[in-house]
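Secondary and tertiary structure notes
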Amino acid sequence: MIVTAGWYMGLAAILFAIGALGILIRRNALVMFMCVELMLNAVNLTLISAGRELGTLDGQVSVFFVLVVAAAEVVVGLAILVSVFRNRATASVDELAELSG
Amino acid sequence: MNAIIDSVWLVIALPLAGAVGLHFGGRRLGEPMAGYVATALIGAAFAVAAIAAVPFIQGGEQATHIMLWEWMPSLGANLEIQWDSLSALMTLIVTGVGTLIHLYSVGYMHGDERFHRFFVDLNLFAASMLTLVLAGNFAMLFLGWELVGLCSYLLVSFWYTRPSAAAAGKKAFIVNRIGDVGFMVGLMVVFASFGTLSYTGVLDRAGDVLSTGTATAVGLLFLVGAAGKSAQIPLYVWLPDAMEGPTPVSALIHAATMVTAGVYVIARSAPIYTLAPTAGMVVATVGALTAIWAASIAIAQNDIKKVLAYSTISQLGYMFIAVGIGAYTAAMFHLMTHAFFKGLLFLGSGSVIHAMDDEQDMRKLGGLFRAMPVTALTMLIGTLAISGIVPLAGFWSKDEILASAFGMGGYGYALWLVGLIAALLTAFYMTRQWVMVFLGESRWEDGVHPHESPRSMTVPLLVLAVLSLVGGLVNTPFRFTLEHFLAPAFEGISQIHPPEGWTSFLILAGLSLLAAVIGVASGYLVYRRPTESWARFQDQLGGLWTQWENAYNIDDLYGALLVAPGKRATEVAAFTFDTRVIDGAATGVAALVRRIGGAIQPLQSGFVRNYAALFLIGTVAVVAWLVIGVWF
């Protein structure tokens, strides 16, 4: 069996769906973070496989950007999370609903 | 000689310096020093003007132009002085009579807590009026025109704590504004036609540039402005109310100087009116109607100052007849003599009011001759002068106007007849006033001790009385001194003159004198008798008397026709349009935004997972739309 780009795309779609589903159904902010990372990396996978398929470097370059932004996002996000946990002793996003209109 | 003419700007600068200086230092100078300083400054202005006017007396001297500051040269709107015999005559009247009235005010305003403020305003008025008459272009004239309006407002409502005085000031200002609009539009037409506002650019070229239609339009628009400032029909209603101001103000502004500005403007614009005989006839008609209209009202007034106010309106009507028919010298002559005798009469009435603890109702005066002989005798001279008794000032000037109207022929005969009847009424009401105030039994209330006024007040009275006696002799059929004096200013204008020959002069003058004598005699005979017979006389006139006493209810008419609809419109604008439409639009938009916000508010649940789900749905929708777009 030859593993073609289509398989990678399929895998990426599955990983993205798992991530999205996780965000929708999990309450723990830390787990939601992990799901976000999962979705980001699913997108990375599509970029790399598309780049390889087309024979350009554009995909890989884009992935580097995504990785950098994701790293920065994790730093900020985790810092917020730690500070929320210190104050509220919970990481459940449903209890952090003060911004409701 | 040129040096003094070049420094004629001092005539404006001196009273202006007085106004500024007294504004800051007047309180420190105190009473009566502040008044004397103001008097000295306007007196100095008179001296400068008198010396600078000498070349005109020698005769033939042309206009001198002095550029003070190039303000807007492209419009011809600069601070520039035109010193010719016409502006010289006006300047001498304003500063001369002004000096006397300033001096008089020192005594009259004695004890007023805003003594120095009064002289600030008075000096400012003098500077403004001199700006008006010395201007070398219409822009500067308009500057002075508006400034005298402002000073009139300030001085009419000088005792602003009295609601009636505050209201009178507002009325004077607003009615004048109506006229000013007409004048301003007239100036715009002038500028559109000539491309400049300077006298030399406009008046010297009027014949080449203006068509008859444009000249008529300008003439009528100037008339609107002049009717406002000079209190002619239909804009005269502010002047009787303006009597709320202190009496020296009434004498200076509302008799001798400011109200004559309209006459001056028309005389100055003579080249334009020469091109528009129709406009001139309208001016003369307005003047004739005003003369007889106001004279009839003056007959039945009981307030000593109201009589004089309506008399002023009536006399200004004569001047309008003169400038309307093109007898400019006669108009300026009457303007001058009127400044003398009406200034005198107002100051005399002020002297009476001063002595009687502010009593102005002539029914409560009477028998004052013994108590204040100087005032009584000087006012008698003023009364006879305005009545037209030979050889006093008013006889010569009024007769020249009437004779000129007669000399014009045609429509002039009607103007002459109306003027003659008005002259009879004038003699009647002025004699009535003098007799009611100074003769008969004393009708004043207990506790009033009338006394002759202080010397600072009687000296101006005496000077003006002398001027009223002999002032008319400057332009008699025996010797036309004023005519020669003014001739260079009206060069190239064909003026209307009285008919030639001594016979016609004697007949016309005789008729005028007859009218005056009938008026004086009947006024004396009716009002010399006790009060009960006054009532009988008034009853004989019946409804007419009531009409006159209520000034034909013009104020009520204007109130119903103009003021009430204006108020109604304002109310609609303020309380209906503003609250419903303007505020409604604003609150309506706000309510709409609030509504929409309320409707979509539940979307902001505060649950991160909700947002994520919406985000996902949105993304999927956008992607799906793109994909479908690509495929189909």
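Here the structure is shown first, and the text comes after it.
Below you will find a few notes about this structure. Here the structure is a predicted model, which means the values were calculated and not measured.

What counts, and at which threshold
- Residues numbered from 1 in each chain as written.
- Chains lettered and ligands numbered in written order.
- Predicted model: local features only at pLDDT ≥ 70, side-chain atom pairs only at ≥ 80, totals over all residues.
- Helix = DSSP H or I, 4+ residues; strand = E, 2+ residues; numbered from the N terminus.
- Buried ≥ 20, exposed ≤ 12 C-beta atoms within 10 Å, placed from the backbone.
- Contact = placed C-beta atoms within 7 Å.
- Rg over C-alpha atoms; globule rule 2.2 N^0.38 Å.
- Axes fitted to C-alpha atoms, helices over the stretch in contact; angles between N-to-C directions.
- Parallel < 35°, antiparallel > 145°, perpendicular 65-115°, else oblique.
- Nonpolar A, V, L, I, M, F, W, Y, C, P; charged D, E, K, R; others polar.
- Expected span 1.5 Å × (residues − 1).

**Side note on the overall build of chain B**
Within chain B one finds 28 helices and four strands. C-alpha extents for chain B along the principal axes are approximately 115 × 65 × 55 Å. Counting across all 632 residues of chain B, residues that qualify as buried make up 52%. The long-range share in chain B, meaning contacts at least 24 apart out of those at least 6 apart in sequence, stands at 82%.

**Some thoughts on the overall build of chain A**
A count of helical and extended segments in chain A gives three helices and zero strands. The linear arrangement of helices and strands in chain A, starting from the amino end, is α-α-α. Taken against the 2.2 N^0.38 rule, which gives 13 Å for 101 residues, the C-alpha radius of gyration of chain A at 17 Å runs more than 25% over that of a compact globule. The burial tally for chain A puts 11% of its 101 residues in the buried class. Within chain A, counting contacts between residues at least 6 apart in sequence, those at least 24 apart form 45% of the total.

**Looking at the packing of helix H17 (residues 304–325) of chain B against helix H18 (residues 328–355) of chain B**
Helix packing for two helices is described by the angle between their axes and how far apart those axes are. All names here are of chain B. At a closest axis distance of 9 Å, the pairing of H17 and H18 adopts a crossing angle of 175°. Of the possible angle classes, the one that applies to H17 and H18 is roughly antiparallel. In contact with Ile 304, Lys 305, Leu 308, Thr 312, Gln 315, Tyr 318, Met 319, Ala 322 and Val 323 of H17, H18 contributes Tyr 328, Ala 330, Ala 331, His 334, Leu 335, His 338, Lys 342, Leu 345, Phe 346, Ser 349 and Val 352.

**Digging into the interface of chain A and chain B**
In this complex, chain A contributes 10 residues to the contact, which on the side of chain B involves 10 residues. When its residues are assigned to classes, the side of chain A that touches chain B shows six nonpolar, two polar and two charged.

**Some words on helix H7 (residues 138–156) of chain B**
Under the 1.5 Å per step criterion, the end-to-end length of H7(B) is 26 Å for 19 residues, consistent within 8% with the ideal 27 Å. Across the 19 residues of H7(B), 15 count as buried, placing the element largely inside the fold.

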